[in-house]
Amino acid sequence: MALVPLATPTLTTDRLRLRRFDEADAGPLFALQSDATVLRYWDSPPWAEPQRAEAFLTASRAMAAEGSGVRLAVDRVADDVFVGWCSLTRWSPVHRSAAITYCFAEASWGQGYATEAAGALLAWAFETLDVNRVQAETDTRNLASARVLEKLGFVREGTLREDCVVDGEVSDSWVFGLLRREWRG
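Predicted model, so just to flag it, every value in this text is computed and none were measured. (Residues numbered from 1 in each chain as written. Predicted model: local features only at pLDDT ≥ 70, side-chain atom pairs only at ≥ 80, totals over all residues. Heavy atoms only, no water.)

### Brief notes about the pattern of salt bridges
Following the criterion strictly, the structure yields 14 salt bridges and no others. With a shortest N-O distance of 2.5 Å, Asp75 and Arg19 are connected by a salt bridge. Here Asp75, found in strand β3 (residues 70-76), pairs with Arg19, found in strand β2 (residues 16-20); they are 56 residues apart in sequence, far enough to count as distant. Residue classification places Asp75 among the buried residues on the basis of a relative accessible area of 3%. Of the charged contacts, one joins Arg96 and Asp130 as a salt bridge, the two residues approaching to 3.5 Å between their closest N and O atoms. With Arg96 in the loop between β4 (82-92) and β5 (97-104) and Asp130 in the loop between α3 (113-128) and β6 (133-139), the pair connects residues that are 34 residues apart, well separated along the chain. (Salt bridge = Lys/Arg side-chain N within 4 Å of Asp/Glu carboxyl O. Helix = DSSP H or I, 4+ residues; strand = E, 2+ residues; numbered from the N terminus. Buried < 20%, exposed > 50% of the residue type's maximum accessible area, 1.4 Å probe, protein only.)

### Topic: helix α1 (residues 26-33)
Three or more residues of α1 are buried, namely Ala26, Leu29, Phe30, Leu32 and Gln33. Along the axis of α1, the buried residues cluster in a sector spanning 160°; they form a single face. In the core, the buried residues of α1 are packed alongside α2 (51-66), β4 and β5. (Arc of directions from axis to C-beta. Contact = heavy atoms within 4.5 Å.)

### Some thoughts on the layout of surface pockets
In this structure, the largest pocket occupies an estimated 1,200 Å³ of space. Looking at the largest pocket, it is lined by 48 residues, and the ones nearest its centre are Trp42, Tyr102, Thr138, Asn142 and Ser145. Those elements that place two or more of their residues in the lining of the largest pocket are α2, β4, β5, α3, β6, α4 (143-151), β7 (155-166) and β8 (169-179). Here the residues of the lining of the largest pocket sort into 19 nonpolar, 17 polar and 12 charged. (1 Å grid on protein atoms, 1.4 Å probe; cavity = no way out; pocket = protein on both sides within 12 Å on 5 of 7 lines; lining within 4 Å. Points joined across faces, edges and corners; volume = space filled by probe spheres on them. Nonpolar A, V, L, I, M, F, W, Y, C, P; charged D, E, K, R; others polar.)

### Looking at the pairing of β2
Pairing of strand β1 (residues 11-12) with β2, which is carried by two bridges, proceeds in the antiparallel orientation. In the strand pairing of β2, Thr12 is matched with Arg17. Turn length for the β1-β2 hairpin, with the two strands adjacent in sequence and antiparallel, is three residues. Of the pairings in the sheet, the one linking β2 to β3 comprises five bridges and is antiparallel in character. (Pairing = 2+ DSSP bridges.)

### Describing the packing of aromatic side chains
For the structure on display, the rule yields seven aromatic pairs. Arranged with centres 6.3 Å apart and planes meeting at 55°, the rings of Phe21 and Phe82 form a pair that is tilted. Separated by 61 residues along the polypeptide, Phe21 in the loop between β2 and α1 and Phe82 in strand β4 bring together distant segments of the chain. Its relative accessible area of 7% is what places Phe21 among the buried residues. Among the residues examined, Phe82 registers a relative accessible area of 14% and is labelled buried. An aromatic cluster is built from Phe21, Trp42, Trp47, Phe56, Phe82 and Trp85, whose rings are joined through pairwise contacts. The ring of Phe56 carries the charged tip of Arg71 above its face, separated from the ring centre by 4.1 Å. (Phe/Tyr/Trp six-rings, centres within 6.5 Å; stacked < 30°, edge-to-face > 60°. Lys NZ or Arg CZ within 6 Å of the ring centre and 35° of its normal.)

### Section: unusual backbone geometry
A positive phi is found at Arg96, a non-glycine position, where the angle reads about 55°. When its relative accessible area of 31% is taken as the criterion, Arg96 is described as partly exposed. You will see that Asp130, though not glycine, has its phi angle at about 60°, which is positive.

### So, the nonpolar core
With 37 residues, the main nonpolar core has Leu18, Leu88, Ile100, Leu121 and Phe154 as its most contacted residues. Those elements that provide at least two residues to this core are β2, β3, β4, β5, α3, β6, α4 and β8. Ranked by the residues each element gives to this core, the list is headed by α3, at 10 residues. Those residues in contact with Leu121, other than ones at most four positions away along the chain, are Leu11, Leu18, Val70, Leu72, Cys86, Ser87, Leu88 and Ile100. By size, the runner-up hydrophobic cluster in this structure holds 15 residues, among which are Ala26, Ala73, Trp85 and Cys103. (Core = buried A, V, L, I, M, F, W, Y, C linked by side-chain atoms within 4.5 Å.)

Any functional reading would require information beyond the geometric quantities listed.
Pasting the structure below:
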């Protein structure tokens, strides 16, 4: 079944604006994704080549065009500074399911931005796409990300043992799920 293109939304919260990525985001995106501290628990190593940002932006446009998901840049409303990104991927209209991912700059950690941005994206998914289930995964050592998911109402459903090997380091991931009937948005 061919998917229909997804219109990339612009979402606004009290402190954040989630919007379509544009070419001007390549520099800040590369800075974020090349930060070893930010990507400590990511499923791939930090970027070494600036061209990776262009490939990410191209893939983001293609994802929306094929209808499998959306990636949104996240800016602070107060000063229009890029603080990270949030995405809804693996969208299946047949199964009414999707996955959520987010990545934020270290300077923005501990301020509730990930919870706020992911909450806005989840509200859009439940209201606009009629999603029934959203899944998320996080490295078992990334307790801050697990707390974000739990604040949003996600339930830890299991552990994927040794599912990631990044630069020779093996790690486990927790799988979280959020059902429409559990959404408190």
